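Each chain is listed here by its residues.
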Amino acid sequence: MEQSKSQYINPYLAGVLLGLVLLMAIFIAGRGLGASGAFKDLATVTVSAVAPEHAAESTFWGPNLSGETHPLKSWLSIEVLGVLIGGLLSGILSGRMKFKVERGPRVNAGTRLGFALLGGMLFGIGAQLGRGCTSGAALSGMAVMSTGGIITMMAIFGSGYAVAYFFRKLWI
């Protein structure tokens, strides 16, 4: 059964609420929103569990392990955990919780999941090369009127439109 659009929050209200959450994060925690750092924390703990000597000596993993607190007790890890729990609760309470692969008529579920995995991996690599994810660079950067944040947002939308041209046949 198809859900009616009236069951979703108004996108303009959602944008205002997201802006207020961002403002509260900056005011209370002294930093904006972001997510990629949490996944680096998780990767650090994983590498440290598998190869502790390598992780401790690595210039990439080592600094993340040398802090006074456990890497997963960071602000970003707790934020991402809250987003996951909040999204799960929202789906359950609204009656929209179901497992489904969104895809176009010309692509099978395996191909769609493969592209999603590839996109996620490229996003993670880009977040490390760019020293932050889109939510950190664009949302938080634009909130403080950072030139880099504005350029990042324009690049995100511009590259999204450019790439969508080549992949539109998978969805239409």
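Residues numbered from 1 in each chain as written. Predicted model: local features only at pLDDT ≥ 70, side-chain atom pairs only at ≥ 80, totals over all residues. Heavy atoms only, no water.

Here's the deal with the overall build of the protein chain
Looking only at helices and strands, the protein chain features eight helices and zero strands. Going from the N terminus to the C terminus, the protein chain shows its helices and strands as α-α-α-α-α-α-α-α. With the C-alpha coordinates of the protein chain rotated into their principal frame, the extents come out at 50 × 40 × 35 Å. In the protein chain, buried positions account for 19% of the 172 residues. For the protein chain, the proportion of contacts with a sequence separation of at least 24, taken over those separated by at least 6, is 54%. Total accessible area on the protein chain stands at roughly 12800 Å², and carbon and sulfur atoms take up 70% of it. (Helix = DSSP H or I, 4+ residues; strand = E, 2+ residues; numbered from the N terminus. Buried < 20%, exposed > 50% of the residue type's maximum accessible area, 1.4 Å probe, protein only. Contact = heavy atoms within 4.5 Å. Areas by Shrake-Rupley, 256 points an atom, 1.4 Å probe, with all protein chains shown as cover.)

Remarks on the pattern of salt bridges
This model, assessed by the stated rule, comprises one salt bridge. Between Lys100 and Glu102 there is a salt bridge, with the nearest N and O atoms lying 3.6 Å from each other. Under the relative-accessibility criterion, Lys100 is labelled exposed at 54%. (Salt bridge = Lys/Arg side-chain N within 4 Å of Asp/Glu carboxyl O.)

With respect to the side chain of Ser58
By the element assignment, Ser58 lies in the loop between α3 (52–57) and α4 (62–65). According to the relative accessible area criterion, Ser58 is buried, its value standing at 16%. Within the structure, the side chain of Ser58 is placed 3.0 Å from the backbone nitrogen of Phe60, a separation counted as a polar contact. (Polar contact = N/O pair within 3.5 Å; in protein donor to acceptor, adjacent residues only side chain to side chain.)

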